[in-house]
Amino acid sequence: PGARPPSAPERSGSPGSVVDFGDLGLQGRRFVSGGLDGERLGDLLGENAPEPIRAYAGLESAPTDDERSALVVEELERTRAWERESVVIVPTTGTGWINPHAAQAIELLSGGDVAIVGTQYSYLPSWISFLADREKAEAAGRSLIEAVVTWRDSLPPGRPQPKLYVYGESLGTRAGE
């Protein structure tokens, strides 16, 4: 509810995205449709700001962790994320949630010159995932981090290499370890 497909090409689920908005899951749809756009960031910062990149793949986007991670990497390529100062990898909570306040803070602190990426690995809340299927979070986090690091490290010579950061909250911290 309240989440609309983004129109900005820098968001997964937008026209031209390799990920369908309907496949992102509740938390993924909220993530890609939320946050401040480049214009609003520019107003707040008093200077021009690029549209932040938000790349995401939900459980319905692809059947495996590695395939979802590969979709996120395709989104990084499609949105030219190598031109950004940094990429923040967010191993999500059990349901695929990315804290909207944390994402917005990252975008504000970076002046929008950032890509934030995440994938969903479960429908279960973190506390249930932690008890019942902790290994799933770890496997999804490993897959996402390895895919993004491999992407960044394999960029052609002469192409900028963004700094990489990992941010996790709740079970996402375990997934990010």
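Our structure's up above, just so we're on the same page.
Now for a look at the structure at hand. Just so we're clear, the structure is a prediction, and the values are computed from it rather than from any experiment. (Residues numbered from 1 in each chain as written. Predicted model: local features only at pLDDT ≥ 70, side-chain atom pairs only at ≥ 80, totals over all residues. Heavy atoms only, no water.)

### Digging into the sheet that holds strand β4 (residues 163-166)
So, point 1. Here four strands make up an open sheet; going across it, the order is β1-β3-β2-β4 and the pairing parallel. Strands at the two margins of the open sheet, each flanked by one partner only, are β1 (53-57) and β4. Recorded for the sheet is a direction-independent mean angle of 20 degrees between the axes of neighbouring strands.
So, point 2. Here four bridges tie strand β2 (residues 86-89) to β4, and the two strands are oriented parallel to one another. Considered in β4, the bridge of serine 86 is made with lysine 163.
So, point 3. Along the sheet, helix α3 (residues 65-78) makes contact with β1 and β3 (114-119), crossing β3 at roughly 160 degrees.
So, point 4. Its contacts with the sheet place helix α4 (residues 100-109) against β1, β2 and β3, and it is angled at close to 155 degrees to β3. (Pairing = 2+ DSSP bridges. Helix = DSSP H or I, 4+ residues; strand = E, 2+ residues; numbered from the N terminus. Axes fitted to C-alpha atoms, helices over the stretch in contact; angles between N-to-C directions. Contact = heavy atoms within 4.5 Å.)

### Structural notes on α3
So, point 1. Over its 14 residues, α3 runs 20 Å from end to end, which matches the ideal 20 Å to within 8%, given 1.5 Å per residue.
So, point 2. Residues of α3 that are buried: Asp65, Arg68, Ser69, Leu71, Val72, Val73, Glu75 and Leu76.
So, point 3. Once α3 ends, the next one or two residues include arginine 80, with phi positive near 60 degrees. (Expected span 1.5 Å × (residues − 1). Buried < 20%, exposed > 50% of the residue type's maximum accessible area, 1.4 Å probe, protein only.)

### A closer look at the pattern of salt bridges
So, point 1. Using the criterion set out here, one finds eight salt bridges in the structure.
So, point 2. For arginine 159, the salt bridge goes to glutamate 77, with nearest N and O atoms at 3.7 Å. Here glutamate 77 lies in helix α3 and arginine 159 lies in the loop between α6 (134-153) and β4, a separation of 82 residues in the sequence.
So, point 3. Under the relative-accessibility criterion, glutamate 77 is labelled partly exposed at 32%.
So, point 4. With its nearest N and O atoms 2.9 Å apart, the salt bridge here joins arginine 152 to aspartate 153.
So, point 5. Classification of arginine 152 by relative accessible area gives buried; the value is 18%.
So, point 6. Its relative accessible area of 47% is what places aspartate 153 among the partly exposed residues. (Salt bridge = Lys/Arg side-chain N within 4 Å of Asp/Glu carboxyl O.)

### Considering the nonpolar core
So, point 1. Membership of the largest hydrophobic core comes to 32 residues, with the highest contact counts inside it found for Phe31, Leu76, Ile116, Val117, Val148 and Trp151.
So, point 2. Breaking this core down by element, the ones donating at least two residues are α1 (25-33), β1, α3, β2, α4, β3 and α6.
So, point 3. Excluding its chain neighbours within four sequence positions, the residues that come into contact with leucine 76 are Ala81, Ala115, Val117, Val148 and Trp151. (Core = buried A, V, L, I, M, F, W, Y, C linked by side-chain atoms within 4.5 Å.)

### Points about the packing of aromatic side chains
So, point 1. Applying the stated criterion to the full structure yields one aromatic pair.
So, point 2. Measuring from ring centre to ring centre gives 6.0 Å for phenylalanine 31 and tyrosine 56, while their planes differ by 50 degrees; the resulting arrangement is tilted. Of this pair, phenylalanine 31 sits in helix α1 while tyrosine 56 sits in strand β1, placing them 25 residues apart in sequence.
So, point 3. Looking at tyrosine 56, the relative accessible area reads 0%, which means it is buried.
So, point 4. Across from the ring centre of tryptophan 82, 3.7 Å away, lies the NZ or CZ of arginine 159, which sits over that ring. (Phe/Tyr/Trp six-rings, centres within 6.5 Å; stacked < 30°, edge-to-face > 60°. Lys NZ or Arg CZ within 6 Å of the ring centre and 35° of its normal.)

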